[in-house]
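One-letter residues, chain by chain:
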Amino acid sequence: MSAVMLEDDVAQRDEVNESSRPSVGVLAEFVGPDELIRAAKLVRTRGFTKTDAFSPFPVHGIDAALGIRPTRLPWFVLIVGTFGGLAALLMQWWMNAVDYPFLISGKPTFSLPANIPVMFEVIVLLSAFTTFFGMLALNRLPKHSNPLLDVDQFRRVTNDRFFLYVDAADPNNEKQDVVELFRMADAVAIREVPPSQSSDKLPSFFGAVVAVALTLATVPVVGIAWARTTTSDAPRIDFFADMDSQDRPGPQQRSKLFADGRSMRPQVPGTVALGDFHEDDSLFLGYQPSSEPPVNVNPDPNAPPVEPDYLTQFPYDVTETRMLRGQAKYNIYCAPCHGLVGQGDGLISLRAISLQEPTWVPPTNLTNDIVTAQPVGKLFDTISHGRRKMAGYAAQIEPEDRWSIVLYVQALQRSQRASLNDVPQDEATILQNRK
């Protein structure tokens, strides 16, 4: 047996004191949690601080009895998590607004809501690391040996016994006083705990394993640094090829998803979506239904097709609210190709021209004389059904919004031919003063 049991009688205690074996502490055994708490309070009142309690289940009040203060770990997690969130915000601001600003559809290069997901992930990651490694550091873990595990009776701590341990390094430790205190607390057994017979040193191969792991950990860092400082004609490595190159519908491209090659399914002929039925068909067509069907009576095959009787007036009241609505929808659906001013110089068109795409058809200049002369109903029909390679937007944009876009397009057309008389008086005065 690796521990010495101190019996109640003085003779046996003297036998223990005469033992020449070194001791790292004194361990007392109790039969219940009440006795354990009473002993902990008694030991604490005598000034002992290097103590610990062991029980088969959590004992309420044992922390207060031992004088254990609340852990500082939550404060460490709060500080590191806050630092991580601010670092993530600074990193995104630097990359998106300073180091590599990339303008997408006029959106700001830095916006706090767009940075929240990354900040959240960094806060969670650093908080988890701080919690795990902080717990190990505060508890001085891992321990490769524990002398209590060499005490056979201590194994009952997982079953039906409660133990209180006083470390020999406690400045107030006087073995006889500790024994007397434990006896006063009705300990059923008191034992001196010898040093552990197990070695507390790490296995010899552990250093080699750590060295190999650290060496392998530097490989990704070196690879990233090499990739950032060199150029290569080889295609990039697809770690998730099924996600990078999956079949999906693309604009103005044939799709393999359907037999007819279309990316999107057309509406079923003769059907009206629930809630979309209106009696005035001209609102949805842009022309009077009575003018259908346009019959081309001209025998010349090169003659332009006969067009329906397009509306020349808006079917809705023209208001500033509708104009602003049209501007918002135009900037979303039209500006990427036609440009913010409508002159066909959108980002997508400029990109296609720079790449010299052979099949690219430049968007129409919406401010030229031909488009400006078109009735509003034809502009509405163009948005609804498309022209040339432009697809129709009837399925994406509500009819009211399509009319609002037509209204805004007419404002763009007039802005290219505006005179000073078209400007409000206060704005005209400012412009005149600038001359």
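Model, not experiment: these values are computed from the prediction. (Residues numbered from 1 in each chain as written. Predicted model: local features only at pLDDT ≥ 70, side-chain atom pairs only at ≥ 80, totals over all residues. Heavy atoms only, no water.)

Draft legend 1. Broad picture of the overall build of the chain. Helix and strand content of the chain: 16 helices and five strands. The C-alpha atoms of the chain give 41 Å as radius of gyration, which overshoots the globular expectation for 435 residues (22 Å, by more than 25%). Seen along its three principal axes, the alpha-carbon backbone of the chain occupies a region of about 130 × 60 × 50 Å. Looking at the chain as a whole, 26% of its 435 residues are labelled buried. Sequence separation of at least 24 residues holds for 67% of the intrachain contacts in the chain that already meet a minimum separation of 6. Counting only carbon and sulfur atoms, one obtains 59% of the accessible surface of the chain, whose full area is about 30100 Å². (Helix = DSSP H or I, 4+ residues; strand = E, 2+ residues; numbered from the N terminus. Rg over C-alpha atoms; globule rule 2.2 N^0.38 Å. Buried < 20%, exposed > 50% of the residue type's maximum accessible area, 1.4 Å probe, protein only. Contact = heavy atoms within 4.5 Å. Areas by Shrake-Rupley, 256 points an atom, 1.4 Å probe, with all protein chains shown as cover.)

Draft legend 2. Quick peek at the packing of helix α4 (residues 73-99) against helix α5 (residues 112-138). Packing of α4 against α5 leaves a shortest axis separation of 7 Å and a crossing angle of 145°. At the point where α4 passes α5, the crossing takes the right-handed sense. (Axes fitted to C-alpha atoms, helices over the stretch in contact; angles between N-to-C directions. Left-handed = near helix turned anticlockwise from the far one by under 90°.)

Draft legend 3. Focus on a nonpolar patch on the surface. A contiguous nonpolar surface patch, about 710 Å² in accessible area, is contributed by Leu90, Met91, Trp93, Trp94, Met95, Val98, Phe110 and Val118. If one sorts the elements of the nonpolar patch by residue count, α4 sits on top with six residues. Mapped onto the elements, Trp93 comes out in helix α4. The class for Trp93 is partly exposed, based on a relative accessible area of 37%. (Patch = residues over 30% accessible without salt bridge, like charges linked within 9 Å, V, L, I, M, F, W, Y side chains within 5 Å. Salt bridge = Lys/Arg side-chain N within 4 Å of Asp/Glu carboxyl O.)

Draft legend 4. Region of the structure containing the pattern of salt bridges. Counted according to the given criterion, the structure contains ten salt bridges. Here Arg161 ties to Glu29 by a salt bridge, and the two come within 2.6 Å at their closest N and O atoms. In this pair, Arg161 sits in the loop between α5 and β4 (162-167) while Glu29 sits in strand β2 (residues 25-30), placing the two residues 132 residues apart along the sequence. An identical accessibility class is assigned to Arg161 and Glu29; each is buried. Notably, a salt bridge pairs Arg38 with Asp186, separated by 3.6 Å at the nearest N-O pair.

Draft legend 5. Looking closely at the confidence of the model for the chain. Looking at the chain as a whole, the pLDDT averages 86, with 91% of positions reaching at least 70. Scored below 50 in pLDDT, residues 1-19 makes 40 contacts in the model with residues more than four places away or belonging to other chains. (pLDDT = per-residue confidence, 0-100.)

Draft legend 6. A look at the packing of aromatic side chains. For the coordinates displayed, the defined rule picks out eleven aromatic pairs. Geometrically, the ring pair formed by Tyr287 and Tyr310 is edge-to-face, given 6.0 Å between the ring centres and 80° between the ring planes. With Tyr287 in the loop between α9 (282-285) and α10 (320-333) and Tyr310 in the loop between α9 and α10, this pair connects stretches of sequence that are 23 residues apart. For the pair formed by Tyr287 and Tyr310, the shared burial category is buried. Pairing Tyr333 with Tyr393 gives two aromatic rings, centres 6.0 Å apart and planes at 70°, and the pair type is edge-to-face. (Phe/Tyr/Trp six-rings, centres within 6.5 Å; stacked < 30°, edge-to-face > 60°.)

Draft legend 7. Local environment of the pairing of β2. For β2, the buried fraction is high: six of the six residues fall into the buried class. The two faces of β2 match: Gly25, Leu27 and Glu29 on one face and Val26, Ala28 and Phe30 on the other face are all buried. With six bridges joining them, β2 and β4 adopt antiparallel strand pairing. Following the sheet pairing, Gly25 is matched in β4 by Asp167. Sheet analysis places β2 next to strand β5 (residues 189-193), joined by five bridges and oriented antiparallel. Residue pairing across strands places Val26 opposite Glu192, the latter belonging to β5. (Pairing = 2+ DSSP bridges.)

Draft legend 8. Main features of the side chain of Lys378. Mapping Lys378 onto the fold places it in helix α14 (residues 376-385). Residue Lys378 is classed as buried on the basis of its relative accessible area of 15%. Those residues in contact with Lys378 that lie beyond four places of it in its chain are Glu307, Tyr310 and Arg387.

Draft legend 9. Examining the state of the cysteines more closely. In this structure the tally under the stated criterion is zero disulfides. The thiol of Cys334 is unpaired, and the distance to the nearest cysteine sulfur, on Cys337, comes to 9.0 Å. (Disulfide = S-S within 2.5 Å.)

Draft legend 10. Representation of unusual backbone geometry in the model. In the segment running from Leu141 into Pro142, the intervening peptide bond is cis, with an omega of 0°. For Pro142, the position within the fold is in the loop between α5 and β4. Positive phi, normally seen in glycine, also occurs at Arg140, with a value near 55°. Checked against the element boundaries, Arg140 lands in the loop between α5 and β4. Within the chain, Arg388 stands out as a residue other than glycine whose phi angle is a positive 50°. As for its position among the elements, Arg388 is in the loop between α14 and α15 (399-415).

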